Amino acid sequence: AEYMGTVTRLVPQKMSLNTIQSFVRSFPPATQALGACALCFSLLSMLSSTCSIFFSLTPAFVISGPYLPHFWSLVSGGLVERHVVNLVVFLPVLVLASKKLETIWASHQFAIFILVVLAGTGVSSFFTMIALYSFTMHEPYIFSPVGGLCGVVGALIVGLRQIYPEQQLEIFGFNTKIGYKLLPSLYVLLCVIIRGPLHISFAVYGTYFGWVYIRFFKKNDFLHTVGDSSEDFAFAHFFPLFCRPVVNIFSTVTYKMAVCMHIISAQPSEGQSSLPLMIPGTSSSSAPVTTQSKAVSDRRRARALQALDEKLALMANQPDIPLDDDSPMHTEESITEIPPSAPVTTTV
């Protein structure tokens, strides 16, 4: 009886442990590392003021810390939440959005994206606080810890907006009627309202650097391209229609300055396509290629990315099934040939 009682107590514990392990393993590796760092840094900062100073971005300590300059806080500051409510709100969004993006982008591309966003957000926030202190001489700008997950979450929302530009946000199966197209600007506006003035810079810079990296620097290993030059992903399209003319002027001036400084490369013009399409058995000079309107191209691209996402999720939930030589997947009848005279359209 004593032995059975011991077994009865151990079985639920073992089952719960296996459940937790299987839940953690359902997330890709970079997402696991990102979520673990955010959780550990935040809990340590809540429990100890020393850890809070160590991990959070304090502009004065970046230059001259208590023992040595805290250069690492330029990156770690974007993974620290010092309030329980903010951690409970932002951490699930961080993990779920990261899982979806890493599944589509691959782990190494996602890791580079997160590091670029963290570093860009931290450095820009640091110089912003130094500038504010120089103009106002208000000491909290340089001696108060700043940071938070709002910057990384903003960048992840930009990534989701690129993949699902025509879809609407669903939360636990409920359609919110909020399109991904305007979600980044709504998110920044919400952060400006509910977060303190010292943390606004992280939300703004995180969202902006997420867009900059995807727009100009993110590599597509499948298509062998760099960036996303589609008109629908332009910075002005993140805002409502009445704001776009003003935002477009600012973004155009910034873009031309960056091109002149050789920070980024000039992208194709409106009538050009940045994705050449080759047909097997033909050369680039003989293949007829036409260019459709940007709106149609963006809609087709969104549907293709959605279908790819659904296929990856289906493949992840099903075991591998070996195919025989007589399988329909290997028969010549199942292969559809493209007529050489058929026109081919390129999509961006």
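Engineer: I would appreciate a short explanation of the overall build of the protein in the present structure.
Structural biologist: Helix and strand counts for the protein come out as 13 helices and six strands. The buried share of the protein, taken over its 348 residues, is 37%. Once local pairs closer than 6 in sequence are excluded, the contacts in the protein between residues at least 24 apart make up 72%. As displayed, the protein offers around 20900 Å² of accessible surface, 68% of which is attributable to carbon and sulfur atoms.

Engineer: For this particular structure, what's the right way to read the packing of aromatic side chains?
Structural biologist: Two measures describe an aromatic ring pair: the distance that separates the ring centres and the angle between the ring planes. Scanning the model with the defined rule gives 17 aromatic pairs in all. Aromatic side chains Tyr205 and Phe209 sit 6.5 Å apart centroid to centroid with 45 degrees between the ring planes, which places their arrangement in the tilted category. Of this pair, Tyr205 and Phe209 both sit in helix α11 (residues 200–217), separated by four residues, roughly a single helical turn. A ring pair is formed by Phe216 and Phe217, whose centres lie 6.5 Å apart and whose planes are at 65 degrees; its orientation type is edge-to-face. Accessibility expressed as a relative area gives 15% for Phe216, which makes it buried.

Engineer: How should I be thinking about unusual backbone geometry in this particular structure?
Structural biologist: Comment: phi is negative for the bulk of residues other than glycine, and the bulk of peptide bonds are trans. A positive phi angle is found at Ala106, which is not glycine, with a value near 90 degrees. With respect to the secondary-structure elements, Ala106 resides in the loop between α6 (84–105) and α7 (107–136). Although it is not a glycine, Met137 sits at a positive phi angle of roughly 55 degrees. Within the secondary structure, Met137 is located in the loop between α7 and α8 (140–143). Looking at Met137, the relative accessible area reads 55%, which means it is exposed.

Engineer: Can you walk me through the pattern of salt bridges in this structure?
Structural biologist: Oppositely charged side chains can form a pair if their charged atoms are brought close together. All chains considered together, the criterion is met by two salt bridges. We note a salt bridge from Arg161 to Asp232, for which the minimum N-O separation is 3.2 Å. On the criterion of sequence distance, the pair formed by Arg161 in helix α9 (residues 150–163) and Asp232 in the loop between β4 (225–226) and α12 (244–260) is long-range, its members being 71 residues apart. Here the two residues Arg161 and Asp232 agree in accessibility, since each one is buried. Across the pair Asp232 and Lys181 runs a salt bridge whose closest N-O atoms are separated by 3.3 Å. On the criterion of sequence distance, the pair formed by Asp232 in the loop between β4 and α12 and Lys181 in the loop between β2 (174–179) and α10 (183–194) is long-range, its members being 51 residues apart. Classification of Asp232 as buried rests on a relative accessible area of 9%.

Engineer: Any chance you could explain the environment of Asp228 here in plain terms?
Structural biologist: Considering the arrangement of structural elements, one finds Asp228 in the loop between β4 and α12. Exposure remark for Asp228: the relative accessible area of 5% places this residue in the buried category. The spatial distance from the C-alpha of Asp228 to the C-alpha of Gln162 is 8.8 Å, given a sequence separation of 66 residues. Polar contacts involving the side chain of Asp228 include one to the side chain of Gln162, which spans 3.1 Å.

Engineer: What is the right way to read α10 from this model?
Structural biologist: Think of an α-helix as turning once every 3.6 residues; residues three or four places apart then point the same way. For α10, which comprises twelve residues, the first-to-last C-alpha distance of 16 Å matches the rise-based estimate of 16 Å (1.5 Å per residue) to within 8%. Buried within α10 we find Leu183, Pro184, Ser185, Tyr187, Val188 and Cys191.

Engineer: Can you walk me through the state of the cysteines in this structure?
Structural biologist: Between two cysteines, a covalent bond joining their sulfur atoms is known as a disulfide. For the structure shown, the criterion picks out zero disulfides. As a non-bridged cysteine, Cys40 has Cys37 as the owner of its nearest cysteine sulfur, 7.0 Å distant. Looking at Cys40, the relative accessible area reads 42%, which means it is partly exposed.

Engineer: For this particular structure, what's the right way to read a nonpolar patch on the surface?
Structural biologist: On the surface, Phe217, Ile249, Val253, Met257, Met261 and Ile263 cluster together into a nonpolar patch covering about 610 Å² of accessible area. The greatest single-element share of the nonpolar patch, amounting to three residues, is contributed by α12. As for its position among the elements, Val253 is in helix α12.

Engineer: When you look at empty space enclosed by the protein in this model, what are you seeing that I'm missing?
Structural biologist: Rolled over the atoms, a probe with the dimensions of a water molecule shows which regions are left empty. Here the structure, examined in full by the defined rule, presents three cavities of 30 Å³ or more. In terms of lining residues, the largest cavity is bounded by Ser56, Val80, Glu81, Arg82, His83, Val146, Gly147, Arg195 and His199.

Engineer: I'm lost on the packing of α9 against α11 in this one. Help?
Structural biologist: Two packed helices can be described by the angle between their axes and the distance between those axes. As a packed pair, α9 and α11 sit with axes 7 Å apart at the nearest point and diverge in direction by 35 degrees. Considering only the axes of α9 and α11, their crossing is right-handed. Touching Cys150, Gly151, Gly154, Ala155, Val158, Gly159 and Gln162 of α9 are Phe202, Ala203, Gly206, Thr207, Gly210, Trp211 and Ile214, all from α11. Of the residues assigned to the contact of α9 with α11, the class counts are seven nonpolar, seven polar and no charged.

What counts and what doesn't
Residues numbered from 1 in each chain as written. Predicted model: local features only at pLDDT ≥ 70, side-chain atom pairs only at ≥ 80, totals over all residues. Heavy atoms only, no water. Helix = DSSP H or I, 4+ residues; strand = E, 2+ residues; numbered from the N terminus. Buried < 20%, exposed > 50% of the residue type's maximum accessible area, 1.4 Å probe, protein only. Contact = heavy atoms within 4.5 Å. Areas by Shrake-Rupley, 256 points an atom, 1.4 Å probe, with all protein chains shown as cover. Phe/Tyr/Trp six-rings, centres within 6.5 Å; stacked < 30°, edge-to-face > 60°. Salt bridge = Lys/Arg side-chain N within 4 Å of Asp/Glu carboxyl O. Polar contact = N/O pair within 3.5 Å; in protein donor to acceptor, adjacent residues only side chain to side chain. Expected span 1.5 Å × (residues − 1). Disulfide = S-S within 2.5 Å. Patch = residues over 30% accessible without salt bridge, like charges linked within 9 Å, V, L, I, M, F, W, Y side chains within 5 Å. 1 Å grid on protein atoms, 1.4 Å probe; cavity = no way out; pocket = protein on both sides within 12 Å on 5 of 7 lines; lining within 4 Å. Points joined across faces, edges and corners; volume = space filled by probe spheres on them. Axes fitted to C-alpha atoms, helices over the stretch in contact; angles between N-to-C directions. Left-handed = near helix turned anticlockwise from the far one by under 90°. Nonpolar A, V, L, I, M, F, W, Y, C, P; charged D, E, K, R; others polar.

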